[in-house]
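# Architecture and fold: a report
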Amino acid sequence: MSRLVSLTRRGALGAGAALLAAPLATPLARAAGYPDRPIRIVVPYTPGGTTDVAARFVAEPLSKVLGQPVVVENRPGANSIVGAGAVAASPPDGYTFAVVIGAHAANATLYKGKLPFDPVTSFAPVSLMMLAPLVMGANAKLPFTDLPGMLAYAKARPGALNYGSSGIGAAAHLTMEDLQVRTGIRMVHVPYRGTAPALQDLISGNIGVMFDSYSSLRAQFESGSVRPIGFASATRPAWAPNIPTLAEGGLPDFTSSTWCLLLAPANTPRDIVERVSAEVAKIVKDPAAAERLRSLGFDAVGSSPEEAGTFLRGEVARWAGVITAANVTVE
């Protein structure tokens, strides 16, 4: 799969007890009767993107098993800081959760010392729900069809090709920064407040290329308005066998994924965290649901809270390395 998956495996072997124990080590609460009112899942991005898709995928079946409405609330802004901050500041009672992606881990480095919360210790990890290998798409009017053509085009026009992402520090942004470091090309980053507005500008030609999940780009690939350039994965996904990998285009070992991780405020009662985690795992691992996720470009995970904590810590370290190498800063 991706470097993220290998990081997860290495972290699981080596992290031992350092599994975000602090947020999960609160005394067991008396959660009998939980839940007795609606539950909110905050998505720190606009509707339609990867995070929104993931939240809505689990919200309805989760509401059925818990017996209460599970409402998805989009709160975009400041590279996911607005939405994540709202959850960090919410009562730790099991009625507010967040779905975050790679930007949440990157923010630990990008905004070090400036955040109103800590991306790790201000939350109780619940579940790594799913992973999705990133795929690069290009405006169909540009005169290249593959990675070698894209690199040649960009090298001949330093700083002329724009690329978009759902925000500074998003996995899509940092993956493109990593690509620039490794290939020597120079492009201009145009950050957006979510995938949907970035995709609109990709279709219109205001930006030339972008990385995102297959679920976000699939319709445009099929319509022909966006051209697939390649997956940042070790092998071609079984659900998109006609799209090559970037390794096939001359970038060996270039892998990257986005991911969707469910968090609760720190000190949320452990029994509630474990119950929600178990229910989410059942939802995404159900054979029919897992197949549907694959059709959307995701691999189902459904981890335990401990595994989710290990994964998040590993991602903070991974993106810190990319940010340093590419000298990524925020204004």
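Scroll up for the structure.
Presented here is an overview of the structure given in this document. Here the structure is a predicted model, which means the values were calculated and not measured. (Residues numbered from 1 in each chain as written. Predicted model: local features only at pLDDT ≥ 70, side-chain atom pairs only at ≥ 80, totals over all residues. Heavy atoms only, no water.)

## What about the side chain of Thr96?
So the rule is basically this: What counts as a helix is a DSSP run of H or I of at least four residues, what counts as a strand is a run of E of at least two, and both are numbered from the N terminus. We call two N or O atoms a polar contact when they sit within 3.5 Å, provided that within protein one can donate a hydrogen and the other can accept it, with sequence-adjacent residues counted only if both atoms are side-chain atoms.
Relative to the helices and strands, Thr96 resides in strand E3 (residues 96–100). A polar side-chain atom of Thr96 sits 3.5 Å from a polar atom in the side chain of Arg40.

## Considering the side chain of His189
To be explicit about the condition: Residues count as neighbours in contact if any of their non-hydrogen atoms are within 4.5 Å of one another.
Note on placement: His189 falls in strand E6 (residues 188–191). A distance of 2.7 Å separates polar atoms of two side chains, one belonging to His189 and the other to Ser165. Of the polar contacts made by the side chain of His189, one reaches the side chain of His173; its length is 3.4 Å. The residues touching His189, leaving out its near neighbours within four places in the chain, are Tyr163, Gly164, Ser165, Gly167, Ile168, His173 and Glu177.

## Digging into the nonpolar core
For the record, the criterion: For this analysis, a nonpolar core means a set of buried residues of the types Ala, Val, Leu, Ile, Met, Phe, Trp, Tyr and Cys, connected via side-chain atoms within 4.5 Å. Relative accessibility thresholds used throughout: buried, under 20% of the residue-type maximum; exposed, over 50%; partly exposed, between the two (1.4 Å probe, protein chains only).
Counting residues in hydrophobic clusters, the biggest one holds 54 residues, and the most contacted among them are Met150, Leu179, Val209, Phe211, Trp259 and Leu261. When residues in this core are grouped by element, the largest group, 8 residues, is from helix H12 (residues 305–326). Once residues within four sequence positions are removed from consideration, Phe211 is found in contact with Leu134, Val135, Met136, Gly164, Ala172, Thr175, Met176, Leu179, Ala232, Leu246 and Phe254. Grouped together as the second largest cluster of nonpolar side chains are 37 residues, Ala55, Val126, Met129 and Cys260 included.

## Describing the pattern of salt bridges
Basically, it comes down to this: Here, a salt bridge means any side-chain nitrogen of Lys or Arg that lies within 4 Å of a carboxyl oxygen of Asp or Glu.
Summed over the entire model, instances satisfying the criterion amount to 11 salt bridges. Close ionic contact of Arg37 with Asp93 constitutes a salt bridge, the shortest N to O distance being 3.0 Å. Here the residue Arg37 occupies a position in the loop between helix H2 (21–24) and strand E1 (39–43), and Asp93 occupies one in the loop between helix H4 (81–88) and E3, the gap between them amounting to 56 residues. Residue Asp93 is classed as partly exposed on the basis of its relative accessible area of 24%. Residues participating in the shared-partner salt-bridge network are Asp36, Arg37 and Asp93.

## Observations regarding the packing of aromatic side chains
Under the convention used in this document: When the centres of two rings from Phe, Tyr and Trp lie within 6.5 Å, Trp using its six-membered ring, the rings pair. Their planes under 30 degrees apart give stacked, over 60 give edge-to-face, and anything left gives tilted. Definition used: whenever NZ (Lys) or CZ (Arg) falls within 6 Å of the ring centre and also within 35 degrees of the ring normal, the charge is taken to sit over that ring.
Within the structure shown, the criterion is met by 8 aromatic pairs. An angle of 85 degrees between the planes, with centres 5.6 Å apart, marks the rings of Phe117 and Phe123 as edge-to-face. For the residue pair Phe117 and Phe123, the accessibility class agrees, reading buried in each case. Look at Phe231 and Trp239: their rings are 5.6 Å apart centre to centre, the planes differ by 80 degrees, and that puts the pair in the edge-to-face class. Both residues of the pair, Phe231 and Trp239, count as buried. Connected via pairs of aromatic rings, a cluster forms that spans Tyr214, Phe221, Phe231 and Trp239. Sitting over the face of the ring of Trp319, Arg318 holds its NZ or CZ atom 4.0 Å from the ring centroid.

## What to know about empty space enclosed by the protein
As a reminder of what qualifies: Each cavity reported here is a set of points on a 1 Å grid over the protein atoms alone in which a 1.4 Å probe fits but cannot get out, each pocket an open set with protein on both sides within 12 Å along at least five of seven lines, and each lining residue one with an atom within 4 Å of a point. Grid points are joined across faces, edges and corners, and a volume is the space filled by probe spheres set on the points. Charged means Asp, Glu, Lys or Arg here, nonpolar means Ala, Val, Leu, Ile, Met, Phe, Trp, Tyr, Cys or Pro, and polar covers whatever is left, Gly included.
Following the criterion strictly, the structure yields 1 cavity of 30 Å³ or more and no others. Of the voids in this model, the largest cavity is the one considered here, and its volume is about 130 Å³. Forming the walls of the largest cavity are 18 residues, and the residues nearest its centre are Thr50, Ile101, Ser166, Thr195 and Asp212. For the lining of the largest cavity, the secondary-structure elements that each account for two or more residues are helix H3 (50–66), helix H7 (171–183) and strand E7 (209–213). Looking at side-chain class alone, the lining of the largest cavity contains 7 nonpolar, 9 polar and 2 charged residues.

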